[in-house]
Amino acid sequence: MINGKKWTATWIWGGEEESPRNEWRCFRRAFALQDGQAGSAKLSISADSRYVLYVNGVQVGRGPVRSWPAEQFYDTYEVGHLLKAGRDNTIAVLVLHFGVSNFYYIRGRGGLLAELELGSEDGAVVAAATDARWKTARVAAQQPEAPRMSCQQAFAEVYDARLWDEAWGKPEYDDSRWDSAFSVGSVGEGPWKSLVARDIPFLTEEKIVPARIESLRRVKAPRWTAAIDLRAAMIPDSVNHANHVQYAGYLAASIVVSEAGTVTLGFPGGIRTPNIWVDGNPLGKWHGVQPERYFELELERGEHLLLIDVTSTDHGAAYHIAADGTARFELHSPFSGKGKGSGSGETPFIVVGPFESAVNIDHQGVVPISREHPDFIRAKGLADRAGLEAFAAWIRPLPPALYTEQDVFGASVWQIESEPYAVPRQLEHALIPSPEPAVIPHFAEGDCELVIDFGKEWSGYIGFEVEAEAGTIIDLYGIEYLKGDYRQHTYGLDNTIRYICRGGRQSFLSPVRRGFRYLLLTVRSAARPVKLYEVYVNQSNYPVTDAGKFECSEPLLGQIWDISRHTTRLCMEDTFVDCPAYEQVFWVGDARNEALVNYYAFGSLDIVKRCLKLVPGSKHLTPLYVDQVPSGWNSVIPNWTFFWVVACAEYAEHTGDASFADEIWPSVRFTLEHYLAKRDERGLLNMKGWNLLDWAPIDQPKDGVVTHQNMFLVQALRKAAELANAAGRATMESGPFREAADALAHAINDHLWSEEKQAYLDCIHSDGRRSGIFSMQTQVVAYLCRIAEGSRKERIEAYLVEPPEGFVRIGSPFMSFFYYEALALSGRFGHMLDDIRANYGQMIENGATTCWEMYPNFTQNRANPEQLTRSHCHAWSAAPGYFLGSSVLGVQRAAPGWSRATIEPNPCGLKWARGAVPLPGGDLIEVDWRIDGDNMTLKVSAPKSVELDIRIPEGLTGEIVRSVKKVLDR
């Protein structure tokens, strides 16, 4: 009995590897149903890493939700309506096994578990359960060598449809040539120690079609492109975790030129170091837009040694390299046919090193690797193969599994030729529900690229239908932003698909989630024009409705609220995530702010509760709890844990759920006790970690006393005491945390205030040096966390609206969330609206449909100055979705569970506003106010169960009209 369910099924797998790298594997089980058996039927399923489930050829669902291996989640579907009595039926499952740890998955082993039960729960009969009778085959069309999408995620796609029968999931498919699956353990065995029933609803899947064709170009890619997984090549066992690794070493290859000429060597995703040599000569002058690097070489006929210093800190993204030129060239291993790297499947590169390597865990201290190893120094600038032979002990061939020349990102970023054409009207047939296809232009020289605008950012599964000759290549590449000729490439994210067509009319739906607004669709190697019938994205997110609303007399603020809501929706998957494109990761600190926006925009509760309960699962990594979960990266941002504590208390307050407070309290107490143990003799939190708050040049070192961190710990301790009270715990449990908060606040005021600057300094470094940097971030947190008192409080309060000269300004909308909290606390609502208009207004001016990750104030995380931000859709940035409802509309909780609420609008010059705020028990508080001169008409509608305190703003007179809604008996 596991989680209340008795399992007959066993975990199964196939193939030769326990945890293969990037393998798609199909499973099938045919079974007969007698007449009268096709009634109620439930199919329970889980997989490592992800699955797509079909019953009788119909897609049923995707999953499982992200899990800690010790608590693997499973899904249960009602499938009776899909079964056919008196006939053979088929369950078919596509399993995507990652084979590497990332930021949302910890490497386990390949596995599928499924069980179909017929009839009611009391008299259920198992009709099919995973065992050795299931058949399995690897999806031959999918190439496991495809590049890593990013360090946070799994893999991009290369799919050759000529090698696979898409009818594999249908009942009539002949699987007699498939292998039998084998058992890898009973339920409770293997990496999956326990099974837990899914704790949230299934995600949506809704077809979204594009809005327009942005552009048409004839393009030409470089003659050779490649993507390499350097991290796994240098440190093979790094696939078992997602921590930063460091290494010192080289890549080497031979460029064989058959006739003299120019060869341009390109790095479309950037370089690791500037140390690159050809024949021992360093490459100097380069061109390209940062971070791209392109070097032009004049090479004589013959063999030339390319040596690349790839020494770096590496998290796992693909390394892209390409070449083109007037000379005829090929790349080979320097030791082809000489025992090093020779044989079938040889790649052009060898790995030299690593001479030094290390794994970094921020809260345990980061020790930089030495770059002074004698052999590493001697190998610099090697000129030929003979020189390499002296380092034979350090040389390994680059494994074929870590190398691919199917590099869509490189071919899309580095375009040798790009010639724009007018967009013919007939291409619009691909965007509208018409039986007539769009005919993509065919060029004798070069490829055809369409840039397709989906109108706004989306997140889900890309699909298309085409008619093409066999061997035609369809490349897809999703980006978030373009303006005129400028395209913001997703450096650090290989957001691509390569689909190689079989002959005829065919369709494809990617099983890999992607976020994007613009889709670059490039047809390559076409013998004749390709017909494009449709291209779309199956938008997928946590199931919500637009329960919350906000409108006002200023259209700009309405637009800003809309993009805040849309951003939050896209970042609600099986957990909150930071962004739908670059990462898709549940960052613990981000989720606190996302939860608040969600409360006002959608009112969903299960997703918040799930997120909060996932965090303590990182206890086995560190008692401080990691900053993204579930994850293979053992990283600690202390503030993120403190925000989690605050979010736990806020959820208990929002819902009035005392049982949740009681359940989560021991985990909150556990981690705070470990943080308190890191106080120094001054009583200040003094620790190693990723001591982050904002993407701005504030002084937040990885070791020492960070002021904002100490202040947020004070807030977390106070909220923890409130949580203990909500849980019904005795004062003896909550009291010590209140006392610790007071003591820490006193220590902050004693040691971190500058009389000279009349402000709190940013930090004290580990060597005792007091920071010379003063930032608005630190002053905002001091006010928000109620650290400053008396004259200091008055001083800091003044800084909120008139920052001192030279103080570092706020660099991200995430930090603005706390700034707006401080402004609301001080009653400066007009200043809040001005800041929203200015900072979010510039997003609207630049065509934003979602909220940016950061402001373009500083250079952090921006590959070049033209980038306005890195991620164009980041839910940590959706603050207006909360504050316009809580402050301008004026709806705020006044008692746990919203048994009492305050309605106190803050017009700030607006003539009218209306909207709705969802309640945790269902229904809404609806507010509609309008000002005529000095008179306000304030209309409020709410359930009878909610006690309301309704207030006309100071300085206005008016009329209050309340409508009462009855509550249904349940």
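Calculation criteria
Residues numbered from 1 in each chain as written. Predicted model: local features only at pLDDT ≥ 70, side-chain atom pairs only at ≥ 80, totals over all residues. Heavy atoms only, no water. Phe/Tyr/Trp six-rings, centres within 6.5 Å; stacked < 30°, edge-to-face > 60°. Helix = DSSP H or I, 4+ residues; strand = E, 2+ residues; numbered from the N terminus. Buried < 20%, exposed > 50% of the residue type's maximum accessible area, 1.4 Å probe, protein only. Lys NZ or Arg CZ within 6 Å of the ring centre and 35° of its normal. Pairing = 2+ DSSP bridges. Expected span 1.5 Å × (residues − 1). Contact = heavy atoms within 4.5 Å. Axes fitted to C-alpha atoms, helices over the stretch in contact; angles between N-to-C directions. Parallel < 35°, antiparallel > 145°, perpendicular 65-115°, else oblique. Left-handed = near helix turned anticlockwise from the far one by under 90°. Nonpolar A, V, L, I, M, F, W, Y, C, P; charged D, E, K, R; others polar. Salt bridge = Lys/Arg side-chain N within 4 Å of Asp/Glu carboxyl O. Disulfide = S-S within 2.5 Å. Core = buried A, V, L, I, M, F, W, Y, C linked by side-chain atoms within 4.5 Å.

Trainee: Could you clarify how one ought to interpret the packing of aromatic side chains in this entry?
Mentor: Both the distance between ring centres and the angle between the ring planes are used here to describe each pair of aromatic rings. According to the stated counting rule, one finds 61 aromatic pairs in the structure shown. Ring geometry for F409 and Y491: centres 6.5 Å apart, planes at 80°, overall edge-to-face. Placement of F409 in helix 4 (residues 408–413) and of Y491 in the loop between strand 35 (486–487) and strand 36 (496–500) is noted, with a sequence separation of 82 residues between them. Taken as a pair, F409 and Y491 share a single burial class, namely buried. A ring pair is formed by F817 and Y882, whose centres lie 5.8 Å apart and whose planes are at 10°; its orientation type is stacked. A residue pair is termed long-range when its members are at least 10 positions apart, and F817 in helix 14 (residues 813–826) and Y882 in helix 16 (residues 880–888) qualify at 65 residues. For F817, a relative accessible area of 1% gives the class buried. In this structure Y882 comes out as buried when scored by relative accessible area, which is 17%. Across the ring face of W7, the terminal group of K5 is positioned such that the distance to the ring centre comes to 4.7 Å. Residue placement shows R610 over the ring face of F73; its charged tip is 4.8 Å from the ring centre.

Trainee: Is there a simple way to explain the pairing of strand 26 (residues 329–332) in this structure?
Mentor: On strand 26, burial follows the alternation: F329 and L331 on one face are buried, whereas E330 and H332 on the facing-out side are not. When strand 18 (residues 244–257) meets strand 26, the two strands line up antiparallel, connected through four bridges. Looking at the pairing, V256 lines up with E330 of strand 26.

Trainee: Before we go on, may I ask you to explain helix 5 (residues 555–570) in this structure?
Mentor: Spacing of three or four residues puts side chains on the same side of an α-helix, whose turn is 3.6 residues. Between the first and last C-alpha of helix 5 there are 23 Å, a value that for 16 residues agrees with the 22 Å anticipated at 1.5 Å per step. Burial within helix 5 is extensive, with twelve of its 16 residues counted as buried. L557, G558, I560, W561, I563, S564, R565, H566, T567, T568, R569 and L570 are the residues of helix 5 that are buried. Turning to helix 5, the residues buried within the fold contact strand 32 (447–468), strand 39 (530–539), strand 40 (549–552), helix 6 (588–601), helix 15 (829–845) and helix 16.

Trainee: I tried to follow the packing of helix 5 against helix 15 on my own but got confused; where do I start?
Mentor: Between helix 5 and helix 15, the shortest axis-to-axis distance is 10 Å and the interhelical angle comes to 70°. Considered as vectors, helix 5 and helix 15 are oriented roughly perpendicular to each other. Crossing handedness for the pair helix 5 and helix 15: left-handed. Counted together, L556, L557, Q559, I560 and I563 of helix 5 and L833, I836, R837, Y840, G841 and I844 of helix 15 form the full contact between these two elements. Split into classes, the residues belonging to the contact of helix 5 with helix 15 amount to eight nonpolar, two polar and one charged.

Trainee: What am I meant to see in the pattern of salt bridges here?
Mentor: Where side chains of opposite charge bring their charged atoms close, a pairing between them can arise. Following the criterion strictly, the structure yields 60 salt bridges and no others. Here E733 makes a salt bridge to R669, at a shortest N to O gap of 2.6 Å. Within this pair, whereas E733 is found in helix 11 (residues 731–751), its partner R669 is found in helix 9 (residues 658–676), the two being separated by 64 residues in sequence. Overall, the relative accessible area of 25% leaves R669 in the partly exposed class. Notably, a salt bridge pairs D680 with R682, separated by 2.7 Å at the nearest N-O pair. Salt bridges linked by common partners bring R218, K220, E417, E419 and E445 together as one network.

Trainee: What is the right way to read the state of the cysteines from this model?
Mentor: Disulfides are covalent bonds that link the sulfur atoms of two cysteine residues. In this structure the tally under the stated criterion is zero disulfides. C501 takes part in no disulfide bond, and the closest cysteine sulfur, belonging to C448, lies 14 Å away. Overall, the relative accessible area of 0% leaves C501 in the buried class. Here C648 is not cross-linked by a disulfide; its sulfur's nearest cysteine counterpart is in C611, at 11 Å.

Trainee: Can you help me understand the nonpolar core in this one?
Mentor: Nonpolar side chains tend to gather and get buried jointly when the protein is soluble and globular. If you look at the biggest cluster of nonpolar residues, it comprises 203 residues, and the most contacted ones within it are I321, F349, W644, V668, Y820, I925 and W929. Excluding residues that lie within four positions of it along the chain, W644 makes contacts with V588, L612, V615, P616, Y625, I664, S667, V668 and T671. Counting residues in each nonpolar core, the second largest holds 59 residues, with C26, A92, A468 and A581 among its members.

Trainee: Would you mind showing me how to read the sheet that holds strand 17 (residues 224–228) here?
Mentor: In sheet architecture, strand pairing relies on hydrogen bonds along the backbone and comes in two forms, parallel and antiparallel. If you walk across this open sheet you meet the five strands as 22-19-25-17-29, and the pairing is antiparallel. Either end of the sheet is taken by a strand with one partner, and the two such strands are strand 22 (293–299) and strand 29 (403–404). In the sheet, strand 17 pairs with strand 29 via two bridges, with the strands oriented antiparallel. Residue pairing across strands places I228 opposite Y403, the latter belonging to strand 29.

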